[in-house]
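Each chain is listed here by its residues.
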Amino acid sequence: MADFRADKPTHSTFSNIFYFLKLLFKISPLLVIGECFWGVLMRLPTRLISVLGVKYVIDVIASGDDKMKIVRAVIVIAIVLILSEVLNALYREFFFTVELEKISKGLSEMLFKKAKDLDLSSYDDPDFYNNFILVINSSGTRVTMVLGLVQRYIGEVVSLITIGSILLTIDPICLLIVLVVVAVFTPVSRKIGKLQAQRQIDNNRLHRRADYFARVFYLQDYCKEVRMNDIKPLLLERYNEAADDVIKNQIKYVRKIDFIYFFQESGVQILGFMLLLPLYLGYCVLQKHTLSAGDFVATFNGALQIATSFSFLTVGVVRQFSESARLIEKYREFLKRPKKIEDGEGVAENGEPKTVELKNVSFTYPGNDHPTLKNINMTIHPKEKIALVGYNGAGKTTLTNLLLRLYDVSDGQILIDGEDIRDVTLQSHRDRFSAVFQDFQVFAATLGENVALDTDVNPERAREALRHSGFSKKVDNGLDAYLLREFDDDGVMMSGGESQKVAISRAFYKKCPYVILDEPSANLDPVAEYNLNQSMIEAAQDKTVVFISHRLSTTVSADRIYVMENGEIIEEGSHDELMARGGTYAYMFNLQAEKYK
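Quantities reported herein were computed from a predicted structural model and do not represent experimental measurements.

Procedures and definitions
- Residues numbered from 1 in each chain as written.
- Predicted model: local features only at pLDDT ≥ 70, side-chain atom pairs only at ≥ 80, totals over all residues.
- Heavy atoms only, no water.
- Helix = DSSP H or I, 4+ residues; strand = E, 2+ residues; numbered from the N terminus.
- Rg over C-alpha atoms; globule rule 2.2 N^0.38 Å.
- Buried < 20%, exposed > 50% of the residue type's maximum accessible area, 1.4 Å probe, protein only.
- Contact = heavy atoms within 4.5 Å.
- Areas by Shrake-Rupley, 256 points an atom, 1.4 Å probe, with all protein chains shown as cover.
- 1 Å grid on protein atoms, 1.4 Å probe; cavity = no way out; pocket = protein on both sides within 12 Å on 5 of 7 lines; lining within 4 Å.
- Points joined across faces, edges and corners; volume = space filled by probe spheres on them.
- Nonpolar A, V, L, I, M, F, W, Y, C, P; charged D, E, K, R; others polar.
- Core = buried A, V, L, I, M, F, W, Y, C linked by side-chain atoms within 4.5 Å.
- Patch = residues over 30% accessible without salt bridge, like charges linked within 9 Å, V, L, I, M, F, W, Y side chains within 5 Å.
- Salt bridge = Lys/Arg side-chain N within 4 Å of Asp/Glu carboxyl O.
- Pairing = 2+ DSSP bridges.
- Axes fitted to C-alpha atoms, helices over the stretch in contact; angles between N-to-C directions.

A word on the overall build of the protein chain
Each helix and strand counted, the protein chain has 17 helices and 10 strands in total. For the protein chain, the C-alpha radius of gyration of 34 Å lies well beyond 25 Å, the compact-globule estimate for 597 residues. When its C-alpha atoms are laid out on the principal axes, the protein chain stretches across 115 × 55 × 50 Å. When the 597 residues of the protein chain are sorted by exposure, 46% land in the buried category. Considering only contacts within the protein chain whose residues lie at least 6 apart along the sequence, 78% involve residues at least 24 apart. Total accessible area on the protein chain stands at roughly 31,000 Å², and carbon and sulfur atoms take up 57% of it.

Focus: the layout of surface pockets
As a volume, the largest pocket reaches approximately 2,200 Å³. Lining the largest pocket are 46 residues, and of these Leu406, Arg430, Phe437, Phe443 and Leu453 sit closest to its centre. Of all the secondary-structure elements, those providing two or more residues to the lining of the largest pocket are helix H3 (68-117), helix H10 (396-403), helix H11 (426-431), strand S6 (433-436), helix H12 (447-452) and helix H14 (496-509). Of the residues in the lining of the largest pocket, the class split is 23 nonpolar, 8 polar and 15 charged.

Things to note about the nonpolar core
One finds Leu447, Met494, Leu517, Val545, Ile561 and Tyr585 to be the most contacted residues of the largest nonpolar core, which totals 38 residues. Broken down by element, the residue count for this core peaks at 6 residues, all from H14. Not counting the four nearest positions on each side in its chain, Met494 is found in contact with Val442, Phe471, Lys473, Leu483, Ser499 and Val502. One finds Tyr19, Tyr91, Leu107 and Leu149 within the second-largest nonpolar core, a separate group that totals 32 residues.

Quick look at a nonpolar patch on the surface
Together, Ile82, Leu83, Val86, Leu87, Leu90 and Phe94 make up an exposed nonpolar region whose accessible area comes to about 590 Å². Its place among the elements puts Val86 in helix H3.

So, the pattern of salt bridges
Side chains that differ in charge, positive against negative, can pair when their charged atoms come close. Taken as a whole, this structure holds 16 salt bridges when the rule is applied. Here Arg405 ties to Asp408 by a salt bridge, and the two come within 2.7 Å at their closest N and O atoms. Look at the salt bridges and you will find they share partners, linking Arg43, Arg47, Arg152 and Glu156 into a network.

Things to note about the sheet that holds S6
Spatial strand order, S6-S7-S8-S3-S9-S10: 6 strands in an open sheet with mixed pairing. The open sheet terminates on both sides in strands that have one partner only, identified here as S6 and strand S10 (568-573). Between one strand and the next, the sheet's axes are offset by a mean angle of 15°, whatever the strand orientation. Where strand S7 (residues 514-518) meets strand S8 (residues 544-548), 5 bridges bridge the pair, whose relative direction is parallel. Within S8, the residue paired with Tyr514 across the bridge is Thr544. Of the strands in this sheet, strand S3 (385-390), S6, S7, S8 and strand S9 (560-565) are in contact with H10, which crosses S3 at around 140°. Of the strands in this sheet, S6 and S7 are in contact with H14, which crosses S6 at around 170°.

Have a look at this one:
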């Protein structure tokens, strides 16, 4: 696997450009082809006019020929220029804009699909996450930049060949002077391209830090803390530090880039067009008398056009394509990043719950030296209600993540009905689970879609699931009511407890044999917590339920309770058995119960 942090690209500049073009061609072949043709039409007519058109007019004047020829030539030139502008406006307004949106949409879908398929461990890697954000944020600008570069590249190539052929028939030495001067300064552009690409990569990393502190001031999640506490100076200080780092980074790169660019451009302009070319043209006109007035102007204009084309195709292409190619390299690495959690060959049954076994399960998070779970052995019988309890950091959530195959075990096995969960496809395995996470999310969608997590909502099942979760908030439009105000000014805003009930209702809605609830009553009041427990027993009586709770009042009705500490199971049994044993569970339960006396 390519190192996502590597500064040196794995592929060549043109390999990366062609790779990106192939992605775009799959989405909108007409736009890619259209940009190639349009690059020629945008440049060649005006450049031919500047060479042949001007030469024709000057030669007519110098020869004393019929002046109406000049009028006719000017009319033809005007028609060509006007037609070119009209076609450009029509192309850009009625074709390019629409197709560009299609490409942006298709590319985003491709990136989002890949992001969804990546393992959760990828998000634990900060270097990967920095580059992931870079890829997502730059996708739109990268499309227009690459298409613009390719359009200009094709146009400049055709223009160079055409104008060069004309100039070659007039004076080949002039053409040679221009090509040699520009070629001398080509290597300098490679350095500029590398600096520009590295600047964007560094800026992305620094902007993430600044953006975090900026978001804190406008996200609703933070508004109460910011207003009730004196943290504003701290946040402003951190934001200013991050923003200053971005500015310093810009200054560092801009100074280098501007100096090199000035050296490059001044060398081409001064050496080529202010010294060598004028000297040679003057010699041809004044000494050799080999050029007419029209030839002189055509040759000088043609040399300028060729220099522009050649400068872009060497200096500009290397600089601009190199910058884009280094960032496209991130696309390639992202889209080709392999999954660690692979599909098995079988397909899991989504019917009645079966026996779930954890055999000698251990797990260590990537980058950690010490295991989070150590030698876990557990057997969960069909339709059992299992509680996982313990202090923070004991490994409870990690264990449920392994059950869902959000991570794979480092050692040991997880079996369902005697079959290793790694032997079935990932989707079929996860389809037999419903999970409500501690850090649950409510989406900017309708209430019904938030319950079903799908556009196809069964109203009866959704209402029943909400009833079981204890959701009783009266909302206009019922299941069709939009939650949050991201896209709807009249969106329904909910309290933490109401949001959690919506999240819990998903476990009741989904038809599956296994349910995992991570802190299902964390935001609920005691009455809602009691009702939830009763509803869970009623609605999930034919399902296997594994739930994590720090409120031990919710564990009383569990069939079995596993007490975890430092990644190991230290106690197991029913509530009564563990209370009689007088161990860690009894201590924790009595400590909580004492607060209610």
